[in-house]
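# Inside the fold
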Amino acid sequence: MKNKEPVILTEKLTKRFDSFTAVDEISFDVYRGEIFGFLGANGAGKTTAMRMLCGLSVPSSGRAAVAGLNVYKQTEQIKRNIGYMSQKFSLYEDLTVLENIRFFGGIYGLTDQQLKSKSGKLLHQLEIESEAKKLVGNLPLGWKQKLAFSIAILHEPKIVFLDEPTGGVDPVTRRQFWTLIYEAASRGITVFVTTHYMDEAEYCNRVSIMVDGQIKALGTPRELKAQLNETSMDGVFYQLARVAKRGE
Ligand SMILES: Nc1ncnc2c1ncn2[C@@H]1O[C@H](COP(=O)(O)OP(=O)(O)OP(=O)(O)O)[C@@H](O)[C@H]1O
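Residues numbered from 1 in each chain as written. Predicted model: local features only at pLDDT ≥ 70, side-chain atom pairs only at ≥ 80, totals over all residues. Heavy atoms only, no water.

Under the annotation held in an unreviewed UniProt entry, the protein chain carries the name ABC transporter ATP-binding protein and is attributed to Parapedobacter deserti.

### Some points on the packing of helix α8 (residues 221-228) against helix α9 (residues 233-241)
Between two packed helices, the angle of one axis relative to the other and the distance separating the axes together describe the packing. Selection rule: Each axis is a line fitted through C-alpha atoms, and for a helix only the stretch in contact is used; angles between axes span 0 to 180 degrees, taken between their N-to-C directions. Helix numbers and strand numbers start at the N terminus; a helix is a DSSP run of H or I with at least 4 residues, a strand a run of E with at least 2. Reported orientations rely on four angle classes, namely roughly parallel under 35 degrees, roughly antiparallel over 145, roughly perpendicular from 65 to 115, and oblique for the rest. The crossing is said to be left-handed when, going from far helix to near helix, the turn is anticlockwise and less than a right angle, and right-handed when the turn is clockwise. Contact definition: two residues touch when any of their heavy atoms are within 4.5 Å. For this scheme, ten residues count as nonpolar: Ala, Val, Leu, Ile, Met, Phe, Trp, Tyr, Cys and Pro. Four count as charged, namely Asp, Glu, Lys and Arg, and the remainder, Gly too, count as polar.
Their axes nearest at 9 Å, the elements α8 and α9 cross at an angle of 60°. Considering their axes alone, α8 and α9 lie oblique with respect to each other. Handedness of the crossing formed by α8 with α9: left-handed. Where α8 approaches α9, its residues P221, L224, K225 and L228 are matched on the opposing element by M233, V236, Q239 and L240. Here the residues of the contact of α8 with α9 sort into six nonpolar, one polar and one charged.

### Quick word on a nonpolar patch on the surface
Condition: A patch is a set of surface residues, each over 30% in relative accessible area and not in a salt bridge, joined within 9 Å for like charges and within 5 Å for the nonpolar side chains Val, Leu, Ile, Met, Phe, Trp and Tyr. Surface accessibility in these figures is a Shrake-Rupley result with a 1.4 Å probe; residues are shielded only by whichever protein chains are displayed. Each salt bridge in this description consists of a side-chain nitrogen of Lys or Arg and a carboxyl oxygen of Asp or Glu lying within 4 Å of one another.
On the surface, Y92, F103 and I107 cluster together to form a nonpolar patch covering roughly 290 Å² of accessible area. Tracing the backbone through its elements, the reader meets Y92 in the loop between β6 (82-86) and α3 (97-107).

### Considering the nonpolar core
Rule in force here: We call a set of buried Ala, Val, Leu, Ile, Met, Phe, Trp, Tyr and Cys residues a nonpolar core when their side-chain atoms join them within 4.5 Å. A simple rule labels every residue: compare its accessible area, found with a 1.4 Å probe on the protein chains alone, to the largest value its type can have, and call it buried under 20%, exposed over 50%, or partly exposed in between.
Ranked by internal contacts, the top residues of the largest apolar core, which has 50 residues, are I101, L147, F149, L162, I209 and M233. When residues in this core are grouped by element, the largest group, six residues, is from helix α6 (residues 171-186). In this structure L162 touches M50, M85, F149, F177, I181, V191, F192, V193 and T194, once residues within four positions along its chain are discounted. Counting residues in hydrophobic clusters, the runner-up holds 26 residues, among them F28, F36, C54 and V66.

### Focus: the site of the ligand
Applicable threshold: A cutoff of 4 Å decides nearness: a residue is near a molecule or strand if any of its heavy atoms lies inside that distance of it. In protein, a polar contact means a hydrogen-donor-capable atom and an acceptor-capable atom, both N or O and within 3.5 Å, with residues adjacent in sequence counting only if both atoms are side-chain atoms; elsewhere, any N or O pair within 3.5 Å suffices.
Near the ligand there are 13 residues, and of these G43, G45, K46, T47 and T48 occur at the shortest range. Residue N42 places a side-chain N or O atom 3.2 Å away from an oxygen atom belonging to the ligand. Measuring from an oxygen atom of the ligand, one finds a side-chain N or O atom of K46 at 2.8 Å. Taking 640 Å² as the accessible area of the ligand by itself, protein coverage stands at 61%. Elements supplying a minimum of two residues to the shell around the ligand: β2 (20-31) and α1 (46-53).

### Observations concerning unusual backbone geometry
With phi around 55°, E25 is a residue other than glycine that occupies positive phi space. Within the secondary structure, E25 is located in strand β2. Taking the relative accessible area as the measure of exposure, E25 reaches 47% and is therefore partly exposed. Notably, N229 is not glycine yet its phi reads approximately 55°, a positive angle. Note on placement: N229 falls in the loop between α8 and α9. Exposure remark for N229: the relative accessible area of 70% places this residue in the exposed category.

### Digging into the sheet that holds strand β3 (residues 35-40)
Here is the rule: The criterion for strand pairing is that DSSP finds at least two bridges linking the strands in question.
Pairing is mixed in the open sheet, where six strands are placed in the order β6-β7-β8-β3-β9-β10. The open sheet has two edge strands, β6 and β10 (214-219), and neither has a second partner. Strand-to-strand, the axes of this sheet are offset by a mean angle of 15°, without reference to chain direction. Sheet topology places β3 next to strand β8 (residues 190-194); three bridges connect them, and they run parallel. Each bridged residue has a counterpart across the sheet, and for I35 the counterpart in β8 is V191. Helix-sheet contacts for helix α5 (residues 141-152) involve β6 and β7 (159-163), and the interaxial angle to β6 is about 165°. Its contacts with the sheet place α6 against β3, β6, β7 and β8, and it is angled at close to 130° to β3.

Encoded structure:
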């Protein structure tokens, strides 16, 4: 991490659906270039929180700023300053690799010239030049996810939000995916990532763990393991999340 310049600030951020409090007064800061792991069991409230930070859902109460922008009032500006990808929504399967790059690059406001140079670099970095004209639907899942991530940061956003980006992907490809994450973070892009894989939690600079809408722990993996007297993030997570009332 380069310095301690906060790019996400939240204070008692809350989301209620009628009488149900999905996200319950969460407060934390995330810094520039940081890889921040946002963990929690199923139903803990991670996606709901992330949607508020992306300007897709209006909070019920509390405060939050993303890239210096207010999540209540400046949602359109927020969308221009972030990248987003999830396991569920990524690329158009019926477009080729190159068409997807051009389509999303166009949405992110890149010029034709920028698109040309960036798509060449991207294909080279992922070593998929030979696949450029193939339909994305025909690529292995791991390749799709690496491509989706690279496209989500094509416009060099301040922050990229990743919602379970490696779900269902094999361990080797997950490691390669994390190499891309480290490269993006080293360029100053902040990475906000949810995952259910505890080996990935170990790769994060800091991790928060949500249980039933509240943040129960926040720190570096080393700090959390020391605090809870565990040797692995798996143990930390289990100790905190086993008391959860929500989930499957
Ligand atoms: N639009 C909605 N209306 C009512 N309840 C909702 C709505 N969206 C989410 N919830 C509830 O809020 C809680 C938190 O859901 P959320 O999807 O944020 O959890 P999550 O931590 O992302 O879980 P997962 O890991 O399973 O994706 C759940 O109990 C869910 O049923």
